[in-house]
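Each chain is listed here by its residues.
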Amino acid sequence: MTIADKQLQCREIITKAVCGKGRKFSTVTHTVTPPHHPTSILGAWIINHQYEAVRSGDGIEVIGTYDINIWYSYNKNSQTDVAKESVQFVENVPLSYVDPKHRVATEEVSAEVLQEPNCIEANISSSGQNVIVRVEREFAVEMIAETKVCVAVIPGGCDDLDDKDLDFSLGDDDGDYEDLDADLLDDEL
């Protein structure tokens, strides 16, 4: 039985769906001033990462904090200490896709860490008083909201489908796709 055999009916339904997505990788630089002039850097790491997501303009802002810990030597490598600094950040992640028919009042946003903030480099500044720390991080964000979708309705309901094979073709389509322009196809599908 093909859908073309019966009169095709459509309905719009309202459902919650992913109506926006985005992803952003970034590298940022922080300057930490230890209590003593460092001679050498023995280690640098990031701990206590916390964040939340909020809708903002055309994207989603990831707002959070983390602590930078730098283990360093001073006094001509005769003593060591750990410098600690808390950092606040705001990362604006643009949405690469937004459903234009979503209901704004029902938006819910979330963020997921793809790359925890990680120290990739720590160097003593040219003045010898500060430590320059490079940090990389990556977030993926989603916006869920109510939206309208169009669905095909089969007359008779689901009970009318028992033990029947359905063919969803809409006519004499033989599946020939040679006329499609390959440059127009979306690689993400």
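On a predicted model such as this, the values are computed, not experimentally measured, just so you know. (Residues numbered from 1 in each chain as written. Predicted model: local features only at pLDDT ≥ 70, side-chain atom pairs only at ≥ 80, totals over all residues. Heavy atoms only, no water.)

A. Looking closely at the environment of Gly43. Take Gly43: it is sitting in strand β2 (residues 38-56). With relative accessibility at 18%, the residue Gly43 sits in the buried group. Residues Gly43 and Ala122, spaced 79 residues apart in sequence, show a C-alpha to C-alpha distance of 8.0 Å. In this structure, Gly43 is in contact with Asn69, Ile70 and Trp71, ignoring residues within four places of it in sequence. (Helix = DSSP H or I, 4+ residues; strand = E, 2+ residues; numbered from the N terminus. Buried < 20%, exposed > 50% of the residue type's maximum accessible area, 1.4 Å probe, protein only. Contact = heavy atoms within 4.5 Å.)

B. Expanded view of the sheet that holds strand β5 (residues 97-98). Ordered in space as β5-β1-β7-β6, the four strands form an open sheet in which the pairing is antiparallel. Here the strands that pair on one side only, and so sit at the sheet edges, are β5 and β6 (108-124). (Pairing = 2+ DSSP bridges.)

C. Fine view of the sheet that holds strand β3 (residues 59-74). The three strands are arranged β2-β3-β4 in an open sheet whose pairing can be described as antiparallel. Sheet topology places β2 and β4 (79-94) at the edges, where each strand pairs with a single neighbour. Mean inter-strand twist for the sheet, computed between neighbouring axes without regard to direction, equals 15 degrees. (Axes fitted to C-alpha atoms, helices over the stretch in contact; angles between N-to-C directions.)

D. Layout of the pairing of β6. Across 13 bridges, the pairing between β6 and strand β7 (residues 131-153) is antiparallel. Across the sheet, residue Ile124 finds its bridge partner in β7, namely Val131. Where β6 hands over to β7, the hairpin turn is made up of six residues, of which Gly128 adopts a positive phi near 80 degrees.

E. How the structure looks around the side chain of Asn69. With respect to the helices and strands, the residue Asn69 is situated in strand β3. Among all residues touching Asn69, those that are not within four sequence positions of it are Gly43, Ala44, Trp45, Ile47, Val82, Ala83 and Lys84.

F. Representation of the pattern of salt bridges. Overall, the coordinates contain eight salt bridges when judged by the stated rule. We note a salt bridge from Lys24 to Glu91, for which the minimum N-O separation is 3.1 Å. Taken as a pair, Lys24 in strand β1 (residues 9-32) and Glu91 in strand β4 lie far apart in primary sequence, 67 residues in all. Using a relative accessible area of 6% as the deciding quantity, one classes Glu91 as buried. Measuring nitrogen to oxygen at the nearest pair gives 3.7 Å for the salt bridge that ties Arg103 to Glu146. Linking Arg103 in the loop between β5 and β6 with Glu146 in strand β7, this pair joins segments that are 43 residues apart in sequence. (Salt bridge = Lys/Arg side-chain N within 4 Å of Asp/Glu carboxyl O.)

G. Main features of the packing of aromatic side chains. By the definition in use, this model includes four aromatic pairs. Seen from their ring centres, Tyr72 and Tyr74 are 5.9 Å apart, and the 45 degrees between their planes marks the pair as tilted. Exposure class is identical for Tyr72 and Tyr74. Each is buried. Linked through ring pairs, Tyr51, Tyr66, Phe89 and Phe139 together constitute an aromatic cluster. Here Arg137 stacks its cationic end above the ring of Phe89, 4.4 Å away from the centre of that ring. (Phe/Tyr/Trp six-rings, centres within 6.5 Å; stacked < 30°, edge-to-face > 60°. Lys NZ or Arg CZ within 6 Å of the ring centre and 35° of its normal.)

H. Fine view of the nonpolar core. If you look at the biggest cluster of nonpolar residues, it comprises 28 residues, and the most contacted ones within it are Val62, Tyr66, Ile68, Ile70, Val133 and Val141. At the level of elements, β1, β2, β3, β4, β6 and β7 are the ones that each hand at least two residues to this core. Beyond its immediate chain neighbours, meaning those up to four positions away, Val62 contacts Tyr51, Glu52, Phe89, Val90, Glu91, Val93, Ala111, Phe139 and Val141. (Core = buried A, V, L, I, M, F, W, Y, C linked by side-chain atoms within 4.5 Å.)

I. The arrangement of unusual backbone geometry in detail. Its identity as a non-glycine residue notwithstanding, Asn75 has a phi of 55 degrees, on the positive side. A positive phi angle, close to 60 degrees, is found at Lys76, a residue other than glycine. Counting through the fold element by element, Lys76 comes out in the loop between β3 and β4. Residue Lys76 is classed as exposed on the basis of its relative accessible area of 75%.

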